[in-house]
Structures are given as C-alpha cells and as structure tokens.
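# Close look at the chain arrangement
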Amino acid sequence: MNFKNKELIIFDFDGTLINSVPDLTLAINTMLSHYQLPEVPVEEVAPFIGNGARTLVKRALKHSMKDAEMSDGFFEEAFAFYLKCYREVPCKDTYLYPSVVETLQYLAEKEYKMVICTNKPYAFIEPILDQLDIKQFFKTWIGEDSLPETKPNAAPLLHLANNMNISTEKCIMVGDSKNDILAAQNAEMDSIGLTYGYNYNEHIADYNPTIVVDDFAELQNIF
Ligand SMILES: O=C(O)COP(=O)(O)O
Ligand SMILES: [Mg+2]
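Residues numbered from 1 in each chain as written. Chains lettered and ligands numbered in written order. Predicted model: local features only at pLDDT ≥ 70, side-chain atom pairs only at ≥ 80, totals over all residues. Heavy atoms only, no water.

### What to know about the domain arrangement of the protein
Put simply, the test is: Boundaries between domains were set according to an automatic or database domain assignment. Residue contacts follow a heavy-atom distance rule, with two residues in contact if any of their heavy atoms lie within 4.5 Å. Two parts lose some accessible area (1.4 Å probe) when they are put together, and adding that loss for both gives the buried area. Salt bridge, as used here: a side-chain nitrogen of Lys or Arg that lies within 4 Å of a carboxyl oxygen of Asp or Glu. Polar contact is defined as a pair of N or O atoms within 3.5 Å, subject to the rule that within protein one atom must be able to donate a hydrogen and the other to accept it, and that residues adjacent in sequence are counted only when both atoms are side-chain atoms.
Split into domains, the protein comes out as domain 1 (8-19 + 94-222) and domain 2 (21-88). In this structure, domain 1 and domain 2 have C-alpha centres spaced 25 Å apart. The interface is formed by 13 residues belonging to domain 1 together with 15 residues belonging to domain 2. The largest per-residue losses of area from domain 1 upon contact with domain 2 belong to Phe 124, Tyr 198 and Tyr 200, which jointly make up 45% of the total buried on that side. Across the domain 1-domain 2 interface, the total number found is zero salt bridges. If you look at where domain 1 meets domain 2, you find eight residue pairs in polar contact (both at pLDDT 80 or more).

In structure tokens form, the structure reads like this:
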C-alpha cells in the first residue's frame, strides 16, 4: 500500500513527532510537590496524555491524591499552576523521535502539504516547533483550544482540510493515539497508526488505522 495520491498529511504532535513526556512530567511533578502531593513517575504520566492539558492534570491529581475528594476550586488553581510550570519549561528534555527531521524533509521535497493537529494547548505548539527547529515544515497547526471540539471528534481534521482546500480523500492523519485514528475515521480519512507513542497502554492496531507503522522513517516508503 502507498499514499502517493495524498496531498495533505495531518500530523499529531505529542507521541508522534515529539517525545514530550519528560517536560509534561516535570510540570506535573512541580505542581504536585507545590501542593505537597506525591510525584508521579514518568512511565505513569505517559498513559494520562491524549485528551489535553486539563484531563492530564485531572488524571495526575486523582492518581496522586488516591481519589480523595478534589474541589473544583482546588482543581482550577492546580491546573493554572501546572500551566504556568509548563509555560516556563515546555521544551527542556522534549526531543524529536528518530528520523523525524529527515522524513519531514523527504515529504517536503515531495511537495506534500503538512499541518499539525494536537490536543495540546495552542500556545505551547509554536515555542516547541521553534526550539526543535521544525516549524518551517508546517503550513499551520491547531491545538485543543482552537475549536470547540477536539480529537477524536472529526471537526479539527475537517477544519484543517477545509482550510487547506483539500478534499478528505486526499488527506491522511498520522498519530500515536486512538484519538487520532478515531478522529480520522470520523472524518472519513485514511490514517497511519504509530506504535511508539502514548496510547493508554493499548495497541494502536486495535483501533484499525489504515496501516500501522513502527518507525517514523517508514513514511518514506509509503509517500
Ligand atoms: O497533549 C495531549 O493530551 C495530546 O497531544 P497530542 O494530540 O499531540 O498527542
Ligand atoms: Mg499523540
């Protein structure tokens, strides 16, 4: 199978292009220790990722507080504190997965249009793209707060296709999470599931992406 007929590649961000779990964990643990709560190890933070910042913080707090009662007021304060921590250090230990730069370069040379659709807050995307020096590859990007709906809803993908003036059958979603694959299916787009990211400790193949890929470099064989 190949996807040489596609025109727009919609990439997920966390767990697909970047391994952001070190800095997400740092911000979570800075917040937890501020409230004298037990820290959460990095491997336990990874499965909390996927539904945006609020859900990440809620899952981490519940885990750390062992499901003790959490008032809305406390949650909002802790969430704001977490955002401040992550804003200060969004890209210290975050890194690009192997072969990302050369594969994006390959795809750019083949004249595919590339965009990012993430459930991460919009404001964090550009500083990380800048820091990792990959901003030039992407025409645009949207985050969890760009539209009322987030992945797995089809809306962010349809918005990007519409924005780029490309029909859905010429679009493909590349992601590590069931949210990416379900969003693509809801938008009637093909999808590529990556096995190395964060998917709630579930197999991405169980969500039936059009194809499953273990290594980002494999995209060079199918586009
Ligand atoms: O930040 C998240 O919850 C997930 O982000 P992603 O959609 O880029 O994987
Ligand atoms: Mg992801």
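Further notes follow.
### Focus on the nonpolar core
Spelled out, the test is: Remark: nonpolar core denotes a set of buried residues (Ala, Val, Leu, Ile, Met, Phe, Trp, Tyr, Cys) joined through side-chain atoms within 4.5 Å. Burial classification: accessible surface area is computed with a 1.4 Å probe over protein chains only, and a residue below 20% of its type maximum counts as buried, one above 50% as exposed, and the rest as partly exposed. Numbering goes from the N terminus for both helices and strands, where a helix is a DSSP run of H or I of at least four residues and a strand is a run of E of at least two.
Membership of the largest hydrophobic core comes to 64 residues, with the highest contact counts inside it found for Phe 11, Met 31, Leu 61, Tyr 82, Phe 138, Ile 192 and Phe 223. At eight residues, helix 4 (residues 72-88) tops the list of elements feeding residues into this core. Here this core spans two domains, and each of domain 1 (8-19 + 94-222) and domain 2 (21-88) adds at least three residues to it. In this structure Ile 192 touches Phe 3, Ile 172, Met 173, Val 174, Gly 175, Ile 181, Pro 209, Ile 211, Val 213, Leu 219, Ile 222 and Phe 223, once residues within four positions along its chain are discounted.

### Notes on the side chain of Asp 14
In this structure, Asp 14 sits in the loop between strand 1 (8-11) and strand 2 (18-19). Here Ser 20 takes part through its side chain, which lies 2.5 Å from a polar atom of the side chain of Asp 14. Polar side-chain contacts of Asp 14 include one of 3.5 Å to the side chain of Thr 118. The contact partners of Asp 14, leaving out residues within four places of it in the chain, are Ser 20, Leu 24, Thr 118, Lys 120, Asp 176 and Tyr 198.

### Some details on the site of ligand 1
Convention followed: A molecule or strand has a residue near it when one of that residue's heavy atoms lies within 4 Å. Residues were grouped as follows: Ala, Val, Leu, Ile, Met, Phe, Trp, Tyr, Cys and Pro as nonpolar; Asp, Glu, Lys and Arg as charged; and all remaining residues, including Gly, as polar.
Around ligand 1, the neighbouring residues are Asp 12, Phe 13, Asp 14, Ile 49, Gly 50, Asn 51, Gly 52, Thr 118, Asn 119, Lys 120 and Lys 151. For ligand 1, an oxygen atom lies 2.9 Å from a polar atom in the backbone of Gly 50. In this structure, Asn 51 approaches ligand 1 through a main-chain N or O atom, which is 3.3 Å from an oxygen atom. Broken down by class, the residue content of the shell around ligand 1 amounts to two nonpolar, five polar and four charged. Mapping the shell around ligand 1 onto the domain boundaries places at least three of its residues in each of domain 1 (8-19 + 94-222) and domain 2 (21-88).

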